[in-house]
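Listed here are the chains, written in short residue letters.
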Amino acid sequence: MRQPEYVRTVQAFARRELIGQERLLDSLADAPLPLYGRFAETGLANWWLPKEHGGLGLNLEESVRIVSELAYGDAGAAFMLFIPVLTTSMVGWYASEQLRKRYLSTMVEQNGSCATLGSEHEAGSELARITTTVRRDGNFLVLNGHKAYSTNADFGQFLVVLARVEGSTSEFLAVLVPRDTPGITVDKRWEMIGLRSSGTYQVSLADCRVPADNALAGNGLRLLEVGLNASRILIATTGLGIARRIRDLCMEYAKTKSVKGAPLAGNAVFAAKLGQFEMLIGVMTNQCLTAAREYDAIAARPDAGEEFLRVGTLKSALTTKMFCGQSGWQIASTASEMFGGFGYTHEAVIGKLMRDMRYVSIVEGGDDVLRDLVFSRYVVPVSKRS
Ligand SMILES: Cc1cc2nc3c(=O)[nH]c(=O)nc-3n(C[C@H](O)[C@H](O)[C@H](O)COP(=O)(O)OP(=O)(O)OC[C@H]3O[C@@H](n4cnc5c(N)ncnc54)[C@H](O)[C@@H]3O)c2cc1C
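Conventions adopted
- Residues numbered from 1 in each chain as written.
- Predicted model: local features only at pLDDT ≥ 70, side-chain atom pairs only at ≥ 80, totals over all residues.
- Heavy atoms only, no water.
- UniProt positions renumbered as here; feature names shortened; annotations may be inferred.
- Helix = DSSP H or I, 4+ residues; strand = E, 2+ residues; numbered from the N terminus.
- Near = heavy atom within 4 Å.
- Polar contact = N/O pair within 3.5 Å; in protein donor to acceptor, adjacent residues only side chain to side chain.
- Areas by Shrake-Rupley, 256 points an atom, 1.4 Å probe, with all protein chains shown as cover.
- Nonpolar A, V, L, I, M, F, W, Y, C, P; charged D, E, K, R; others polar.
- Domains from an automatic or database assignment.
- Buried < 20%, exposed > 50% of the residue type's maximum accessible area, 1.4 Å probe, protein only.
- Pairing = 2+ DSSP bridges.
- Core = buried A, V, L, I, M, F, W, Y, C linked by side-chain atoms within 4.5 Å.
- Contact = heavy atoms within 4.5 Å.
- Axes fitted to C-alpha atoms, helices over the stretch in contact; angles between N-to-C directions.
- Parallel < 35°, antiparallel > 145°, perpendicular 65-115°, else oblique.
- Left-handed = near helix turned anticlockwise from the far one by under 90°.

If you check an unreviewed UniProt entry, the protein chain appears there as Acyl-CoA dehydrogenase family protein from Jatrophihabitans lederbergiae. Taken from UniProt, the Sequence similarities (unreviewed entry) comment for the protein chain reads in full: "Belongs to the acyl-CoA dehydrogenase family." Here is the UniProt Cofactor (unreviewed entry) comment for the protein chain, exactly as written: "FAD".

Below, the structure is given as structure tokens:
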């Protein structure tokens, strides 16, 4: 079946800018911005932004197809290009009309980016323990604190910062903070072991003042949960893209490697491994698409924001990320052995793919955290099942 045009555009971008450029993309030497700019030239920058703000309005199922192709080329590029979806879905559903118009339309016009600042060192995944505070001062909000990791924060046009209401133990706000607000300091860019073409930063906020209307409507922790649904499904999809690339790399290698006087490609042990990869890739694909369709069905409702608030974190988003992280890791680990000693050098691409794959089971909740969430939200005792 012929692929839709947007997929062919992304495949061409991946062939031109990513595949074969692994050493450069893995070097961390370059800031991510030039790559961001070259992707914008395809006309697909921030492809999910709504048509009412001038965007292309592609849905999450279409996003899965795009991200799988981008991650086939380079997972770091894929991650930095789609992760603003976390921020913009919170803004899209819970910001005032004025804020949405101003920030989402400008993002479309300028092919811009944005970032979410949630994580903190001390709190870890227990976000209810964050210490960044927000206090009201007349018609303004004032934010103070330190955020551990935020992708794209250095060059985003705006940030959504998760903060505790000063003096409260249970009230949290998600506040839109323009990137040029005085008091924002990017402390450093992390030297990550994978996704090295993307940029994740540690950020401090010192007396950052924004208009009180910049607070999104609702409890900040719940809004973040809602935003994470789309990005978790796309993180899972990067695992799928990397896994497809690993499979193809193994096939190429097996044509050149000879074992017991015959090409590895004809060896039964190799065939069993590749058969296992194909099974996992098939289920990962179906899982990502099914989760995306479930998400799209809610997103298409006129009351999508309220419905997402009601359901919070989607079970399919959690399980898809866990499944793709675990299956992807199984594929990466088996494949890295396949390349022998060469696979353990920086000259082989498999090492980069393995390091990139690792993030799927860590970012936006490690598997222990997600298992806990699935258990507490979705495992229903027999006596309570309808
Ligand atoms: C490349 C990258 C990009 C990122 N980008 C962003 C971003 O843009 N914005 C943002 O806000 N954050 C971002 N993060 C942060 C990321 O989401 C967190 O690092 C991730 O969710 C894991 O949380 P943590 O680092 O606090 O570790 P923790 O969750 O504290 O985990 C540390 C250990 O504690 C264990 N643990 C924690 N909770 C439980 C539990 N309930 N049960 C059992 N064990 C548990 C874990 O299993 C693990 O062994 C990014 C991180 C990376 C690596």
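Colleague: Can you lay out the UniProt feature "domain: Acyl-CoA dehydrogenase/oxidase N-terminal" (unreviewed entry) in the protein chain for me, pointing to particular residues and giving the numbers?
Modeller: Taking the numbering used here, the UniProt-annotated feature "domain: Acyl-CoA dehydrogenase/oxidase N-terminal" (unreviewed entry) corresponds to residues 5–109. Regarding residues 5–109, the helix share stands at 69% and the strand share at 0%, and the terminal C-alpha atoms are separated by 22 Å.

Colleague: Describe the site of the ligand, with residues and values.
Modeller: The full set close to the ligand counts 18 residues, and Gly118, Ser119, Ser125, Thr151 and Asp368 are the nearest of them. Contacts to the ligand include threonine 151, whose backbone N or O atom sits 2.9 Å from an oxygen atom. Interatomic distance of 3.0 Å between a backbone N/O atom of glutamate 364 and an oxygen atom of the ligand. Protein contact buries 64% of the 970 Å² of open area that the ligand shows by itself. At the level of elements, β3 (140–151) and α13 (367–378) are the ones that each hand at least two residues to the shell around the ligand. Classifying every residue of the shell around the ligand by side-chain character gives 6 nonpolar, 9 polar and 3 charged. Shared between two domains, the shell around the ligand takes at least three residues from each, and those domains are domain 2 (114–214) and domain 3 (220–380).

Colleague: How would you summarise the pairing of strand β5 (residues 172–178) if you had to cite specific residues and measurements?
Modeller: Of all 7 residues in β5, 7 are buried; the element is thus mostly enclosed. Side chains of β5 alternate between two faces, with Phe172, Ala174, Leu176 and Pro178 and Leu173, Val175 and Val177 buried alike. With 7 bridges connecting them, strand β4 (residues 158–165) and β5 associate as antiparallel partners. Looking at the pairing, leucine 159 lines up with valine 177 of β5. Hairpin remark: β4 followed by β5, antiparallel, with 6 residues in the connecting loop; positive phi at glycine 167, about 90°.

Colleague: Go over the nonpolar core with me, naming the residues and quoting the values.
Modeller: In terms of nonpolar packing, the biggest core is built from 115 residues, with Trp47, Leu70, Phe82, Leu143, Ile246 and Cys250 touching the most fellow members. Broken down by element, the residue count for this core peaks at 17 residues, all from helix α8 (residues 220–256). Look past the residues within four positions of leucine 70 in its chain and what remains in contact with it is Val10, Phe13, Leu18, Phe39, Trp47, Ala78 and Leu81.

Colleague: Break down helix α6 (residues 84–94) for me, with residues and values.
Modeller: Counting buried positions along α6 gives 9 out of 11 residues, so the element sits mostly inside the fold. Listed as buried for α6 are Pro84, Val85, Leu86, Thr87, Thr88, Ser89, Met90, Val91 and Tyr94.

Colleague: Describe in detail the packing of helix α4 (residues 60–73) against α8, supporting the description with residues and values.
Modeller: The interhelical angle for the contact between α4 and α8, taken along N-to-C directions, is 40°, at an axis separation of 7 Å. By the angle between their directions, the pair α4 and α8 is classed as oblique. Crossing geometry of α4 relative to α8 is assigned as right-handed. Contact residues: Leu60, Ser63, Val64, Val67, Ser68, Glu69, Ala71, Tyr72 and Gly73 in α4; Ala230, Ile233, Leu234, Thr237, Thr238, Leu240, Gly241, Ile242, Arg244, Arg245 and Asp248 in α8. Taken together, the residues of the contact of α4 with α8 break down into 10 nonpolar, 6 polar and 4 charged.

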